[in-house]
Amino acid sequence: MQFLNPALLFGLLAAGIPILLHFLSRRQVVEVPFAPLRFLQPTQERQMRRMNLRRLLLLLLRILIVVCVVLAAARPTLTGALAGLAGGGEGTSVVVLLDNSASMQAEVSEGTIFDRARDEAIEIARTAEGDDEVAVLLYSDVTRPLFSEFVRDPGLIAAELGEVEPGARATDYVAALEDALEFLDRAERPRREIYLVGDFQIADVDSTVRARWLRTAREVDDTAVFLRPVASEPFVNRTVDPIPPQSVLLRQGETIDIRARVSQNGAETVETPLFLELEGTTVGETGIVVPPGGSARHRFPLTLPEAGDAGGSVRLRPDRYALDDESFFVLAVSDQVPVRVLRGVTGEEGARDPLLFLLTALDPDRAGQGRFAPRVELAARFDVETLPEAPVVLGVDLRDLGAARLAALGDYLRRGGTMLLFAGDPRVRTYTNQRLLSGWTNLRLGPFRGDEDVFERLEVSAPDHPVFADLEPEARATLEEVRLRNFFRMDETIGRPLLRYAGGGAAATEIEVGEGRVIVCAFETSAVAGEIAFSPMFLPLVQRLTGYLATAGWGRFDRHFAVGESPVIEVADVSDASARWTVVGPDRERRPVELDASTRPARLHGPVAESPGLYRFESDGRSLGSVAVNVARSESRRQWWDPSGFAELFQPETGLRFAVLEGAATEEAVRAARRGRPIHHWFLIAAGLLLVAEGLLARRLGPAPAA
Amino acid sequence: MAAEADRMLEPEVVSRLGALDFIARTLVEGFLVGLHRSPYHGFSVEFAEYRQYQPGESTQNIDWRVYAKTDRHYVKVFQEETNLQARILLDVSASMDATPEAGRISKLRYGKLLAAALGYLLIKQNDAVALATFDDAPRTMIPPRSSRRQLNHLLTVLHRAEAGEKTDVGRVLDRIAEMVWRRGLIVIISDLIDDPDRVLQGLKHFRHRQHEVLVMHLLDPREIDLEIGREAKFVDPEKTVDPVRTQPWHLRQSYQEAIRGWRGRLARECRQHDIDYVPLSTDTPFEVALLAYLNKRSRLA
């Protein structure tokens, strides 16, 4: 017989309590002066012999009750032949959870950590005997059974496991344990065990994991979880951190910085070469020194190639865990962005014309060669049919839209279109609030401020927003020096304010409309409105806002994905029904992709990416764009759980009992830890019966009711 | 009024009244008031005088012939006999002072109150009364007198009487029987915890000397029923029997049978020898004991 909670056996000391109470109660007897004692004595001698026997029996029963309860709490189990005698059949249903996440690819002295874990899993499977049945589940952020059912042939498991290699996915312990429990629901053996074999990398574990586990975990009785960590030796791991996506519109021939960061977890300073590659060619190389346990940064200047998606990577010389030594990125390079400019018929010429400065900002030399190609149309007559092709719409005075075009504009936005709306003219306030904004958002233009002598300064209220993320401090200071005269204030709690007035209220706010987004600017851009039109920052501000919206409209989805995710891109033209949509991954294989034409623009969904690298979407061999897939950052941490800490995190609130498999030899450790058939309920039943007997006997021994 | 008087005879109430003479007076007067409603109309036969009838008084004793002559209501007052010598023998051994249940009136206290009441009643009837206290030997003896001072003397002795040690009822009764030569009424108040044969022998000795004997066998209620609800160590107040540690509910039935047998034997043998045996417990109203005395007294008259 073994005990799952042997520490509770100390509770057997509690068996002394009835003995103690027995003797204490004997000592506490009072003296009663009783004159006719001579009549009591002969009767007493006869009765007391029998009574003393009963009292001893009562004491014995009470001791046995305590012993039974303590033994039941210690969770006794029977093993071997005794377990068979216990009834209900023999055998154990074992689920081995084998970690095949990315971190298992790390190399150790005799191979990879996964090789070691695989050997452990095979050893555990070999401990199966008699009626035992075993299932192996490979887990990362998904769980995959090696066989669809439990098997009883360890050799079969060993042969199949020999073919398995670790993937590049992240780790999800909650899902793995849930799937193992679900698999055990089919088990037919009386004993149930889960063996969790892995490196216990602290991956994706944060404060939400425990909450998630408590939310999903069921009350499970009589299932033991044994933890078998296979990687405890620390080693220095260098990592290229993900390259931040370039969110502002990039233009052919421009030079930008690729900002790379290298981290390492070792205790020594590491010097390592760092390479920048673009489309398979090394275009930059440097040496980088990383301090102990820290990180170092480097900026590679890169002149953007021709328009289209440019895929590349920043990589290190591979170390013992090579998977995180290269970080892939994609740059969406454009030559020119068409901008649909919608204006009213009542636009004034001269200093009051808001378009005068806006068009200059979008196309400074008015030669149509700039980054943006503005096409001005009257709001009352713009081409509704071609609107969905526009990556961004710039709106100024839309009072003449009419119901049909207003509906078309709303539809365009909800399907993922974007608009930059300048609504600082006091004459358009009513229309903007009551017709435009009321259909899209709760945001409204507040009262108009147009005093001749009152100026308001602008402040950047979202410095982390892609529009301002790489804004130099001097440029920001220049922008915040601008003084405005004609403007509205907007509620700062609605949408995402990008700019605010120094005196309070939002000046420019980004709102989401369906899948699209609109940036509402509540200030006038004409020459009479203040200094903004003449500010050196006006042109960059308009370009940044338009560029951001254009990127958000075209590249609605970030071009960066993690292994295990399904990469997606958008395509503007899906008119060719016979076109064959495919994606080419790092393994050069061409796989079909799904076209989702229900959105505008349509989307292509690639298969789940199983390895890091660049994935290129194609239509009949013609490139449509690329995405970058990287290993989850959590897989690079190279920190391991203390298994007992892991058990503490997952154990509460469930009937699962976690234990760490100790010992060098797996088979011995398993046999030592393996519990037999649980028999605690026997002791509980025995305690119940003894309690009934005790009650009956105590009643006979207790004081009789007064006559 | 009568109900209040009845209640005044409850031992627990009476024992709290204070001075013994006051208790005795209260006891007897209360008893006598209650007696007007009882079948005991009077206890003397010799006419003494007439007195005016008071409203509210019983009409039983109105002399209607005098009423016919005088047209007034007169009541006959009888004179008591005075030649009776009563001796009260009170057991003051240690066993009389023990109470199994704290807070209850002890047998000794009950016995003292009963003796005082009887003494008062006897003196009120102009009978001569004597008192003797004893444990394993006679301790105090007051020779018989019928004067009012005798009552004070008697009450003083009772007040001062303290529990002695061991009992030897049989031997003491024998000794007192030897000492008393004039026939009279012997009232024995005792728990009679001694060898029953010797006790009966002592009682018979009184009868042999032509005395009328009234035995008031006094026990604590718990000594009769053993209704004690917890394990206890029972000790003999006179230390003649070894202590017994027991859970009394196991022994209750057999003990009650033993006590019943003992009292039954005493009652039976007393009856055979024309001895009045009155079983009492300390929660028995004094009325019962006093009535028993009056029964005996009336028969003697």
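Residues numbered from 1 in each chain as written. Chains lettered and ligands numbered in written order. Predicted model: local features only at pLDDT ≥ 70, side-chain atom pairs only at ≥ 80, totals over all residues.

Peer 1: Is there a simple way to explain the overall build of chain B in this structure?
Peer 2: Check the secondary structure of chain B and you find twelve helices and ten strands. Counting the 301 residues in chain B, one finds 40% classified as buried. Partitioning the intrachain contacts of chain B with sequence separation of at least 6 by distance along the chain shows that 76% fall at a separation of at least 24. (Helix = DSSP H or I, 4+ residues; strand = E, 2+ residues; numbered from the N terminus. Buried ≥ 20, exposed ≤ 12 C-beta atoms within 10 Å, placed from the backbone. Contact = placed C-beta atoms within 7 Å.)

Peer 1: I keep staring at the overall build of chain A and nothing clicks. Help me out?
Peer 2: Across its full length, chain A carries 15 helices and 39 strands. Looking at chain A as a whole, 41% of its 707 residues are labelled buried.

Peer 1: Teacher, can you tell me more about helix H9 (residues 196-208) of chain B here?
Peer 2: Owing to its 3.6 residues per turn, the α-helix aligns residues three or four sequence positions apart on the same side. Residues and elements named next belong to chain B. For H9, built from 13 residues, the straight-helix expectation of 18 Å at 1.5 Å per residue is met to within 8% by its first-to-last C-alpha distance of 18 Å. Along H9, the residues classified as buried are Val199, Leu200, Gly202, Leu203 and Phe206. Buried residues of H9, seen end-on, are gathered within an arc of 155° and therefore sit on one face of the element. For H9, exposure combined with an orientation more than 90 degrees from the buried face picks out Asp197 and His208. Gln210 sits one or two positions beyond H9 and adopts a positive phi of about 70°. (Expected span 1.5 Å × (residues − 1). Arc of directions from axis to C-beta.)

Peer 1: Please explain the packing of helix H6 (residues 107-124) of chain B against helix H7 (residues 148-160) of chain B as it appears in this structure.
Peer 2: A pair of packed helices is characterised by two quantities: the angle between their axes and the separation of those axes. Residue and element names in this part refer to chain B. Their axes nearest at 10 Å, the elements H6 and H7 cross at an angle of 175°. One way to sum up the angle between H6 and H7 is to call them roughly antiparallel. Judged by residue contacts, Lys112, Ala115, Ala116, Gly119, Tyr120 and Ile123 of H6 engage Arg148, Gln150, Leu151, Leu154, Leu155 and Leu158 from H7. (Axes fitted to C-alpha atoms, helices over the stretch in contact; angles between N-to-C directions. Parallel < 35°, antiparallel > 145°, perpendicular 65-115°, else oblique.)

Peer 1: Explain the sheet that holds strand S15 (residues 281-290) of chain A here, please?
Peer 2: Note: strands within a sheet are paired through backbone hydrogen bonds, in either parallel or antiparallel orientation. Residues and elements named next belong to chain A. One open sheet accounts for five strands, arranged S12-S18-S17-S14-S15; its pairing is mixed. The outermost strands of the open sheet, each flanked by one partner alone, are strand S12 (250-251) and S15. Bridging between strand S14 (residues 270-278) and S15 involves nine bridges; their strand directions are antiparallel. Directly across from Val270, in S15, lies its bridge partner Val290. (Pairing = 2+ DSSP bridges.)

Peer 1: How should the interface of chain B and chain A be read in this particular structure?
Peer 2: On the side of chain A, 22 residues touch chain B, which itself brings 32 residues to the contact. If you list the elements that add at least two residues to the side of chain B that touches chain A, you get helix H10 (221-225), strand S8 (232-235), strand S9 (244-246) and helix H11 (252-272) of chain B. In terms of residue count, the dominant contributor to the side of chain B that touches chain A is H11(B) (six residues). Across the side of chain B that touches chain A, the residue classes break down as 16 nonpolar, six polar and ten charged. Sheet topology note: the strand S2 (residues 30-33) of chain A/S8(B) ladder contains four bridges and is parallel. The partner of Val30(A) across the bridge, within S8(B), is Ala232(B). (Nonpolar A, V, L, I, M, F, W, Y, C, P; charged D, E, K, R; others polar.)

Peer 1: Quick question: what am I supposed to make of unusual backbone geometry here?
Peer 2: Only a minority of non-glycine residues have a phi that is not negative, and only a minority of peptide bonds are not trans. Residue and element names in this part refer to chain B. Phi is positive for Asp71, close to 65°, though the residue is something other than glycine. Along the polypeptide, Asp71 turns up in the loop between helix H4 (64-70) and strand S2 (74-79). Phi is positive for Lys239, which is not a glycine, with a value near 60°. Residue placement: Lys239 occurs in the loop between S8 and S9.

Peer 1: I tried to follow the sheet that holds strand S4 (residues 128-134) of chain B on my own but got confused; where do I start?
Peer 2: All names here are of chain B. One open sheet holds the six strands; their spatial order is S5-S4-S3-S6-S7-S10, and the pairing between them is mixed. Each edge of the open sheet carries a strand with a single partner, namely strand S5 (138-145) and strand S10 (276-281). Within the sheet, the average angular offset between the axes of one strand and its neighbour, ignoring direction, is 15°. As defined by bridge partners, strand S6 (residues 185-190) adjoins strand S7 (residues 212-219) across six bridges and the pair is classed as parallel. The partner of Ser190 across the bridge, within S7, is His217.

Peer 1: Looking at this structure, I do not really get the confidence of the model for chain B. What am I missing?
Peer 2: Caution applies to low-pLDDT parts of the model: their predicted coordinates are not meant to be read in detail. Residues and elements named next belong to chain B. The share of residues in chain B with pLDDT of 70 or more is 81%, and the mean pLDDT across the chain is 80. Helix H1 (residues 2-8) is the least confidently modelled element of chain B, averaging 41 in pLDDT, while S6 averages 92, the highest of any element. For residues 1-9, every residue scores under 50 in pLDDT, and the model assigns this stretch 19 contacts once sequence neighbours within four places are set aside. Within the model, pLDDT remains below 50 along residues 36-46, and this stretch shows 19 contacts once partners closer than five positions in the same chain are excluded. Reported confidences for the modelled complex are a pTM of 0.52 and an ipTM of 0.77. (pLDDT = per-residue confidence, 0-100.)

Peer 1: Help me understand the packing of H9(B) against H11(B) in this model?
Peer 2: All names here are of chain B. One way to put it is that H9 packs onto H11 with a least axis distance of 11 Å and a crossing angle of 25°. In terms of orientation, H9 lies roughly parallel with respect to H11. Here H9 runs over H11; the crossing is right-handed. Residues Pro196, Leu200 and Leu203 of H9 form the contact with H11, whose own contacting residues are Trp262, Arg265, Leu266, Glu269 and Cys270. (Left-handed = near helix turned anticlockwise from the far one by under 90°.)

Peer 1: So what exactly am I meant to see when it comes to helix H4 (residues 113-126) of chain A here?
Peer 2: Helix length check: H4(A) (14 residues) gives 20 Å between terminal C-alpha atoms against 20 Å at 1.5 Å per residue, within 8%. By the criterion of burial, H4(A) is predominantly enclosed, with ten of the 14 residues buried.

Peer 1: Help me out: how do you make sense of the environment of Ala477(A) in this one?
Peer 2: Its location among the elements puts Ala477(A) in helix H11 (residues 473-481). Taking the C-beta count within 10 Å as the criterion, Ala477(A) has 12 such neighbours and is therefore assigned exposed.

Peer 1: Even after reading the chapter, I still don't get the nonpolar core, so can you show me in this structure?
Peer 2: Formed by 89 residues in total, the largest nonpolar core has its most connected members in Val96(A) and Leu97(A). Not counting the four nearest positions on each side in its chain, Val96(A) is found in contact with Ala121(A), Ile124(A), Ala125(A), Val134(A), Val136(A), Tyr195(A) and Val197(A). Tyr120(B), Leu185(B), Ile193(B) and Phe234(B) belong to the second largest nonpolar core, which has 77 residues in total. (Core = buried A, V, L, I, M, F, W, Y, C linked by C-beta atoms within 7 Å.)

Peer 1: Any chance you could explain the environment of Asp241(A) here in plain terms?
Peer 2: All names here are of chain A. Locating Asp241 in the fold gives a position in the loop between strand S11 (238-240) and S12. Considered as a pair, Asp241 and Arg261 are 20 residues apart in the sequence and their alpha carbons are 5.5 Å apart. Other than its neighbours up to four places away in sequence, Asp241 contacts Arg261, Ser263 and Ser327.

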